[in-house]
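Okay, here's what each chain looks like letter by letter:
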Amino acid sequence: MTGVQTCALPIYRLEHLRHEYFRPGETAIGIVARERKSILVETAAEAPASYALPADVHTFMAVPMIVEDKLLGVVCAANRRTVGKGFTLDHLERLERLSCQDALASNLVRIYAERSNQERLQQEMAFGRDLQQRLLPAGVPTLRGCLFDARTEPAREVGGDYYDFIQIDQDRMMIVVADASGKGVSACMVMAMCRAFVRCLVETYSGLEKVLVELNQRLYTDNANHLLVHLAIVVIPHHEGIWDCACAG
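Here the structure is a predicted model, which means the values were calculated and not measured.

J.: Give me the lowdown on the sheet that holds strand E8 (residues 244–248), citing residues and values where you can.
T.: Spatially, E5-E6-E7-E8 is the arrangement adopted by the 4 strands of the open sheet, whose pairing is antiparallel. Edge positions in the sheet fall to strand E5 (161–167) and E8, since each of these pairs with one other strand and no more. Each strand axis lies, on average, 10° off the axis of its neighbour in the sheet, ignoring direction. The pairing of strand E6 (residues 172–180) with strand E7 (residues 229–237) spans 9 bridges and is antiparallel.

Below you can see the structure in the form of structure tokens.
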């Protein structure tokens, strides 16, 4: 917890207090934080030793900032600008009123910041969800002797699952089913990389083994977190023939 003090102290003392940390129950500021009660020291000579006031502090007051029973901080003041005079109960009451306003303002800033973060996160999720849907096939192909159906539903807004139907040439079609480890946007990005690489490699297709070896190398090189991708590929001839299948992780 930090204490920010507005007072007639030397600049070096103000900077020190702005960066000093106070534990609950230690020093005057920490005691106010723990007890959640204001304190007033009209004369430093009368202050308890537990307050541990610096030697150049002659009069002091501190007030807790509380909103909805939650401590946000401590507002304090030291040394009146009128030299030789101490703070009074009237000063303390005014500081308490000001602290309530500051606490409410601080709480509003926090609420708006959280709302802004949530809205930004929702926008990112909406972007990822839209991207993922655009990367999936709009429909399923028709092939003599085969009946296809496909559906994916991420556990969160977006995920790393994907499938694809890729026409290799007039005689062969490739079906890909894959799952990038993890959830959320990171898995979605890896899925997008995997899809792009597979489609690129199909342009020079000469066998599943070469596709998987090259795909593995590209994913490992461009995937900083080295997220794992489980993948299954089937190459189906348009007419009767042998189906080529492969799986990798």
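Text resumes after the structure shown.
J.: Describe the side chain of Thr59, listing the residues and the values that go with them.
T.: Along the polypeptide, Thr59 turns up in the loop between strand E2 (39–41) and strand E3 (60–67). Engagement of the side chain of Thr59 in a polar contact is seen with the backbone oxygen of Glu42, the distance being 3.2 Å. One polar contact links the side chain of Thr59 to the main-chain amide nitrogen of Phe87, over a distance of 2.8 Å. The residues touching Thr59, leaving out its near neighbours within four places in the chain, are Val41, Glu42, Ala77, Ala78, Asn79, Arg80, Lys85, Gly86 and Phe87.

J.: Give me the lowdown on the pattern of salt bridges, citing residues and values where you can.
T.: With the rule as written, the count across this model stands at 6 salt bridges. In this structure, Arg94 engages Asp90 in a salt bridge whose closest nitrogen and oxygen atoms are separated by 3.1 Å. Taken together, the positions of Arg94 and Asp90, both in helix H3 (residues 89–135) and 4 residues apart, correspond to about one turn of that helix. On the basis of relative accessibility, which here comes to 41%, the residue Asp90 falls in the partly exposed class. In this structure, Glu214 and Arg218 form a salt bridge, with 3.0 Å as the shortest nitrogen-oxygen distance.

J.: How would you summarise the environment of Arg218 if you had to cite specific residues and measurements?
T.: Considering the arrangement of structural elements, one finds Arg218 in helix H5 (residues 208–222). Along the primary structure Arg218 and Cys194 are separated by 24 residues, whereas in three dimensions their C-alpha atoms are 8.8 Å apart. Excluding its chain neighbours within four sequence positions, the residues that come into contact with Arg218 are Phe197, Cys200 and Leu201. A polar atom in the side chain of Arg218 sits 3.0 Å from the side chain of Glu214.

Quick notes on the rules
- Residues numbered from 1 in each chain as written.
- Predicted model: local features only at pLDDT ≥ 70, side-chain atom pairs only at ≥ 80, totals over all residues.
- Heavy atoms only, no water.
- Pairing = 2+ DSSP bridges.
- Helix = DSSP H or I, 4+ residues; strand = E, 2+ residues; numbered from the N terminus.
- Axes fitted to C-alpha atoms, helices over the stretch in contact; angles between N-to-C directions.
- Polar contact = N/O pair within 3.5 Å; in protein donor to acceptor, adjacent residues only side chain to side chain.
- Contact = heavy atoms within 4.5 Å.
- Salt bridge = Lys/Arg side-chain N within 4 Å of Asp/Glu carboxyl O.
- Buried < 20%, exposed > 50% of the residue type's maximum accessible area, 1.4 Å probe, protein only.

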